[in-house]
Amino acid sequence: MLIQTSPPSDILHDRLLAALDQLIKQRYGNFKRAEESTGVRTITLRQWRRGSRRPSLLRILQTVEQLQFTFIDVVREASLYPELYREPSLQLAAVLPRQEPHDSVLAEVLSRPSWRQPGLNAWCEIPTSFDRLESLLGEDPRVAKVEFLEYLTRAADEENRVAALCLWAMWLNSQGANIDAGLAIRAALERISPSCPLHFLLLSVSASVAKNLRSYSLGRAHAERSILGFLRAGDTDNAARGLLTLGIILWAVQDYEESERAYRDALRLSPGSKLASMCRFNLIYNYLATGRNDLALQAVESERDSLATIPDAYLLKARWLAAKVLMGSDRREAALGELKAALLSERVLDENPQVVFQMFFDLAILLVDAERGHELPFYQRHLMPLLARGDDSEDSIAISRAFLKTIRTGNVSGELVRDFAQRYEDACERRSTKR
């Protein structure tokens, strides 16, 4: 469990002033223009440091307001949210790039009079219907959306309202709407007691949202608080849920040893839970990331029955993982078979386009290396409808469209495919950083 301690005041001052300095340069270009535009004096870090005394926190706050920034702008720029906020809802708010939902359903629900006033530390259990509804997300996201929406619109008491927000956040997060998911979780956290079971569940989902927003320290802190809360309550299944999320966050920051430990702890806590197959699935990623290809291949073969119980929504990713293992073991023909089966699946058009095209680039590289580039046009026709689901202003969609058009010409080389694949990876990296 991460223990938050108060940082020295000098560190707070330095980081706040440096962040404000940077924001001034970004918005106004230089300090002189900022002074001319706002009438604010002594606004720069350099000027403040010339004096014998540091500005007080109140002086900084006044200057922030005069410069037309919000304190959250400065906190986010300084990466100070863990130190300055104790409440999880405020910690999450500090890392969200905006505070108003774009999702029309969430905006409408939160504007209702019955939802507008949060409950006063309401004690909320996890409703008995939650597990059934959550399982729909792993079976068919379209059905889940309909069921979640119905639950959201008829929720009449605080417990069901919070559970409905949690489910809606999970659906939004699965669709890549990470900011709106965070706003839903924040609204839910504000309504209930910080020591009830549903609060610990919200923290687990908050950790997943924070991970997708690349706020890894916050994600880890919320995951650990969720795990500890469920362990104290004796709920090992949901503690395993938190450990699974923690393992994913640790993997993202390349702490593979601790990530593996989290997955194994989850399996020891709840070996028969619905999350056990996901822990085993993610362990294979750890083996690949650390160069243990033989162990990864062995796990794919020995855990075949367990991996078969992965929710349907993850089946394409499971085939992709199997292909990566096979490629690492130089079984390229078998890897081709896994990728082809995944990309020709009926579910492929319901999958996140970014994931699908990452798989397709892996397939394209294998095919051109095997001098079978002539097979690519078939997949070009099959995957073209996916482009309609993306925003043409995004680099990743533009690169995907250009690659499919290039395939149609029949002039495809290994060098060309690798160049497109690298550009696509870079575009996806930029997009996730901006979120």
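Everything numeric here is computed off the predicted structure, so don't read it as measured data.

Enquirer: Could you clarify how one ought to interpret the overall build of the protein in this entry?
Expert: Looking only at helices and strands, the protein has 26 helices and zero strands in total. Partitioning the contacts of the protein with sequence separation of at least 6, the portion at a separation of at least 24 is 66%. Just so you have it, the protein exposes about 21200 Å², and 49% of that area is on carbon and sulfur atoms.

Enquirer: Looking at this model, I keep getting lost on the environment of isoleucine 397. Mind explaining?
Expert: Secondary-structure assignment places isoleucine 397 in helix α25 (residues 395-409). A sequence separation of 11 residues divides isoleucine 397 from leucine 386, and the C-alpha atoms of the two residues are 9.4 Å apart.

Enquirer: Just checking my understanding: could you explain the packing of aromatic side chains for this structure?
Expert: The geometry of an aromatic ring pair comes down to the distance between the two centres and the angle between the two planes. Applying the stated criterion across every chain yields a total of 14 aromatic pairs. An angle of 25° between the planes, with centres 5.2 Å apart, marks the rings of tryptophan 168 and tryptophan 171 as stacked. With a gap of three residues between them, tryptophan 168 and tryptophan 171 both fall in helix α12 (residues 158-174), about one helical turn apart. Assessed through its relative accessible area of 1%, tryptophan 168 is described here as buried.

Enquirer: Help me out: how do you make sense of the packing of helix α21 (residues 315-328) against helix α23 (residues 353-369) in this one?
Expert: Two quantities define a packed helix pair, namely the angle between the axes and the distance from one axis to the other. Where α21 contacts α23, the two axes come as close as 11 Å, and the packing angle between them is 30°. Considered as vectors, α21 and α23 are oriented roughly parallel to each other. Pair α21 / α23 crosses with left-handed handedness. Counting all contacts with α21, which are made through Leu316, Lys317, Trp320, Lys324 and Met327, the residues of α23 involved are Val355, Gln358, Met359, Asp362 and Leu366. Broken down by class, the residue content of the contact of α21 with α23 amounts to six nonpolar, one polar and three charged.

Enquirer: Is there a simple way to think about unusual backbone geometry in this case?
Expert: Trans is the common state for peptide bonds, and a negative phi is the common state for residues other than glycine. Not every positive phi belongs to a glycine, and glutamine 68 is a case in point at roughly 65°. Its place among the elements puts glutamine 68 in the loop between α4 (57-66) and α5 (71-78). Among the residues examined, glutamine 68 registers a relative accessible area of 58% and is labelled exposed. In this structure, glutamate 371 is a non-glycine residue whose phi angle is positive, near 60°. With respect to the secondary-structure elements, glutamate 371 resides in the loop between α23 and α24 (376-383).

Enquirer: Looking at this structure, I do not really get the environment of phenylalanine 69. What am I missing?
Expert: Of note, phenylalanine 69 is situated in the loop between α4 and α5. Between the alpha carbons of phenylalanine 69 and arginine 27 there is a distance of 9.7 Å; along the sequence they are 42 residues apart. When neighbours within four sequence positions are excluded, phenylalanine 69 is seen to be in contact with Leu20, Leu23, Ile24, Arg27, Tyr28 and Val64.

Enquirer: Is there a simple way to think about the confidence of the model for the protein in this case?
Expert: Interpretation of the predicted coordinates at a detailed level should be avoided for regions scoring low in pLDDT. Looking at the protein, pLDDT values average 82 and 86% of them are 70 or higher. The lowest-confidence element of the protein is helix α6 (residues 81-84), averaging 57 in pLDDT; the highest-confidence one is helix α14 (residues 197-212), averaging 95. Taken together, the stretch residues 1-8 has pLDDT below 50 and engages in 12 contacts with residues farther than four places along the chain or on a different chain.

Enquirer: Can you help me understand helix α15 (residues 216-233) in this one?
Expert: Since one α-helical turn is 3.6 residues long, residues separated by three or four positions face the same way. The first and last C-alpha atoms of α15 sit 26 Å apart over 18 residues, in line with the 26 Å expected at 1.5 Å per residue. Every buried residue belonging to α15 is among Leu218, Gly219, Ala221, His222, Ala223, Glu224, Ser226, Ile227, Gly229 and Phe230, and all of these are buried. Glycine 234, located one to two residues past α15, shows a positive phi value of around 80°.

Enquirer: Would you mind going over helix α7 (residues 88-95) with me for this structure?
Expert: Counting buried residues in α7 gives seven out of eight residues, a clear majority hidden from the surface. Here α7 has its buried residues at Pro88, Ser89, Gln91, Leu92, Ala93, Ala94 and Val95.

Enquirer: How do you make sense of the side chain of arginine 191 when you look at a structure like this?
Expert: Looking at the secondary structure, you find arginine 191 in the loop between α13 (178-189) and α14. With a relative accessible area of 2%, arginine 191 lands in the buried category. Within the structure, the side chain of arginine 191 is placed 2.5 Å from the side chain of glutamate 158, a separation counted as a polar contact.

The rules behind the values
- Residues numbered from 1 in each chain as written.
- Predicted model: local features only at pLDDT ≥ 70, side-chain atom pairs only at ≥ 80, totals over all residues.
- Heavy atoms only, no water.
- Helix = DSSP H or I, 4+ residues; strand = E, 2+ residues; numbered from the N terminus.
- Contact = heavy atoms within 4.5 Å.
- Areas by Shrake-Rupley, 256 points an atom, 1.4 Å probe, with all protein chains shown as cover.
- Phe/Tyr/Trp six-rings, centres within 6.5 Å; stacked < 30°, edge-to-face > 60°.
- Buried < 20%, exposed > 50% of the residue type's maximum accessible area, 1.4 Å probe, protein only.
- Axes fitted to C-alpha atoms, helices over the stretch in contact; angles between N-to-C directions.
- Parallel < 35°, antiparallel > 145°, perpendicular 65-115°, else oblique.
- Left-handed = near helix turned anticlockwise from the far one by under 90°.
- Nonpolar A, V, L, I, M, F, W, Y, C, P; charged D, E, K, R; others polar.
- pLDDT = per-residue confidence, 0-100.
- Expected span 1.5 Å × (residues − 1).
- Polar contact = N/O pair within 3.5 Å; in protein donor to acceptor, adjacent residues only side chain to side chain.

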